[in-house]
Amino acid sequence: MLSRQRFETDRRQRTEPVPGQGNRIARWVPSRILELSPYHADSADGLLKLDAMENPYTWPSEIKDQWLQIISTVPLNRYPDPQGTALRQDLKTWCGLDLAADLMLGNGSDELIQIIAMTLGGRGQVIMAPEPSFSMYSMIASVTGTRFLGVPRDTEFRIDLQACLDGIAEHQPCCVFLARPNNPTGSLCSNETVHAIIDAAPGLVVVDEAYHAFCGHTFLDRITDHDNLVVMRTFSKLGLAALRLGFLAGPKNWLDQFNKVRLPYNVNTLTQVSVRFALEHMEWFQGCAEQICNHREQLSIALLGLPDVQVYPSDGNFLLMRMPRGRGTEIFQCLRQSGILVKNLDGSHEALADCLRVSVSSTDDNQAFVAALRNSLETVDLRESS
Ligand SMILES: *Cc1c(COP(=O)(O)O)cnc(C)c1O
């Protein structure tokens, strides 16, 4: 079931070469870009930001002061280490990476997705992912002129393994993305499902572990068992979203190819130095993650007490909720008016009608959210009956 996506033949044949700005855009910007909508992130000015799975906690002042000391020594006049050698070494040690595997750094894992798509994708190639999933997979596929095959999940957002295997057999994707746990659904697919997909896939399988800190499951130790598995992680959801650091762990022969596509100085020195410092303070990050996991359970219990809201189980630091039929966007706006920003997924995918996604935050934030949601549900209900 390929998503509807047209491929231009020859952009020069499409439009008349009449001068004028509009015509130039239409003539030179490929249709796959013209038809794309830019990634939409709502402005969070003055709002309680619960839309992007950020860590609500910041470093205590002892840690922050040490960090300021360290970054004050960074030579801003020099280019970064192009390979990020020291940071890569620290990361390998931190995650106990097998010696036969290697690790590549990205300006966020978004950039790693882009590098993979630029290396493997392009005209005639297919990138596959179970849908709904992280929107960047299909968006980056479009930008790189790669067909995107979104394989629908079942009604509980579980992966339809047979449909995936059929899709793989029929379309021979260069790459399959499996977000584990999945964003925005929060669901975690089984080890068996991942193994079956790795075994069936002719190309690369990327296990995206952006929410690893909140679930603990990993395929990092399986990399060397396969010749087509890479694992992607990010520091964004753990608490360093501003720094933009993601990494890809996998067999050296794959990473050698991706490294040709990666821009030489993609990870800046402040980020390299700061993440090395952060690795010495992982117990603080781990503590935050544990707290968020406890809050996740409390928050889902509180939400289950709200009439008409369906809450999905989550292994990430967020919860997916379905609002009463036809009311999703209205409730999103109501929440916004009461000062709370969540992610509105209504309209983003047919399986996500009336769905909102909320980051799990501090106890106070979560309580404020539940209270605002209760009010919003009542407001919408009143409007309906009036
Ligand atoms: C947030 C997210 C990312 C992107 O993380 P960055 O490192 O901030 O670019 C990648 N994959 C999934 C599934 C995510 O939810």
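Procedures and definitions
Residues numbered from 1 in each chain as written. Predicted model: local features only at pLDDT ≥ 70, side-chain atom pairs only at ≥ 80, totals over all residues. Heavy atoms only, no water. Helix = DSSP H or I, 4+ residues; strand = E, 2+ residues; numbered from the N terminus. Buried < 20%, exposed > 50% of the residue type's maximum accessible area, 1.4 Å probe, protein only. Expected span 1.5 Å × (residues − 1). pLDDT = per-residue confidence, 0-100. Contact = heavy atoms within 4.5 Å. Axes fitted to C-alpha atoms, helices over the stretch in contact; angles between N-to-C directions. Parallel < 35°, antiparallel > 145°, perpendicular 65-115°, else oblique. Left-handed = near helix turned anticlockwise from the far one by under 90°. Nonpolar A, V, L, I, M, F, W, Y, C, P; charged D, E, K, R; others polar. Pairing = 2+ DSSP bridges. Right-handed = clockwise from strand over helix to strand, strands pointing away. Phe/Tyr/Trp six-rings, centres within 6.5 Å; stacked < 30°, edge-to-face > 60°. Lys NZ or Arg CZ within 6 Å of the ring centre and 35° of its normal. 1 Å grid on protein atoms, 1.4 Å probe; cavity = no way out; pocket = protein on both sides within 12 Å on 5 of 7 lines; lining within 4 Å. Points joined across faces, edges and corners; volume = space filled by probe spheres on them. Domains from an automatic or database assignment.

A. Geometry of unusual backbone geometry. Look at the link from Glu 131 to Pro 132: it is a cis peptide, with omega at 0°. You can see Pro 132 is positioned in the loop between β3 (126–131) and α7 (135–143). Cis geometry is adopted by the peptide bond preceding Pro 181, which originates at Arg 180 and carries an omega value of -5°. The residue Pro 181 is located in the loop between β5 (175–179) and α9 (191–200) in this model. Look at Met 53: it is not a glycine, yet its phi comes out positive at around 55°. Within the fold, Met 53 resides in the loop between β1 (48–49) and α4 (61–71). Of the residues examined, Met 53 reaches a relative accessible area of 3% and is grouped as buried. Positive phi outside glycine occurs at Asp 354, with the angle close to 65°.

B. Here's a closer look at helix α13 (residues 282–304). Compared with the 33 Å implied by 1.5 Å per residue over 23 residues, the 33 Å span of α13 between its first and last C-alpha is a close match. Buried within α13 we find Met 282, Trp 284, Phe 285, Cys 288, Ala 289, Ile 292, Cys 293, His 295, Arg 296, Leu 299, Ser 300 and Leu 303.

C. Spotlight on the confidence of the model for the protein. Taken residue by residue, the protein gives an average pLDDT of 93. The fraction at 70 or more is 94%. In the model, residues 1–13 has pLDDT below 50 throughout and makes 27 contacts with residues more than four positions away in sequence or in other chains.

D. Region of the structure containing the packing of helix α5 (residues 85–94) against helix α12 (residues 269–279). Here α5 crosses α12 at 25°, and the two axes come no closer than 9 Å. In terms of orientation, α5 and α12 fall into the roughly parallel class. By crossing handedness, the relation of α5 to α12 is classed as left-handed. Of the residues in α12, those in contact with Ala 86, Leu 87, Asp 90, Leu 91 and Trp 94 of α5 are Gln 272, Val 275, Arg 276 and Leu 279. Classifying every residue of the contact of α5 with α12 gives 6 nonpolar, 1 polar and 2 charged.

E. Representation of the sheet that holds strand β2 (residues 101–106) within the structure. Across the sheet, 7 strands lie side by side as β2-β8-β7-β6-β5-β3-β4; this open sheet has mixed pairing. Each of the sheet's edge strands pairs with one partner strand only, and the pair in question is β2 and β4 (147–152). Direction aside, the axes of adjacent strands within the sheet are offset by 20° on average. Of the pairings in the sheet, the one linking strand β6 (residues 204–208) to strand β7 (residues 229–234) comprises 4 bridges and is parallel in character.

F. Inspection of the pairing of β4 at higher detail. Note that β3 and β4 share 6 bridges and pair parallel. Each residue of the ladder has a partner; that of Ile 127, found in β4, is Phe 148. Each parallel crossover has a hand, and for β3 linked through α7 to β4 it is right-handed.

G. Inspection of the packing of aromatic side chains at higher detail. For the structure on display, the rule yields 12 aromatic pairs. Here Tyr 79 and Tyr 265 contribute two aromatic rings whose centre-to-centre distance is 4.5 Å and whose plane-to-plane angle is 20°, an arrangement assigned as stacked. One end of the pair, Tyr 79, is in the loop between α4 and α5; the other, Tyr 265, is in the loop between α11 (252–261) and α12, with 186 residues separating them in the sequence. Exposure remark for Tyr 265: the relative accessible area of 39% places this residue in the partly exposed category. These aromatic residues form a ring-pair network of at least three members: Trp 59, Trp 67, Phe 277, Trp 284 and Phe 285. The ring of Phe 219 carries the charged tip of Arg 222 above its face, separated from the ring centre by 4.8 Å.

H. Empty space enclosed by the protein, seen in detail. According to the stated counting rule, one finds 1 cavity of 30 Å³ or more in the structure shown. Counted as a void, the largest cavity has a volume near 50 Å³. Forming the walls of the largest cavity are Glu 54, Asn 55, Phe 214, Lys 237, Leu 238, Phe 285, Cys 288, Ala 289, Ile 292, Asn 317 and Val 360. No other element matches the 4 residues that α13 contributes to the lining of the largest cavity. The class makeup of the residues in the lining of the largest cavity is 7 nonpolar, 2 polar and 2 charged. Looking at which domains feed residues into the lining of the largest cavity, each of domain 1 (48–53 + 283–385) and domain 2 (75–280) supplies at least three.

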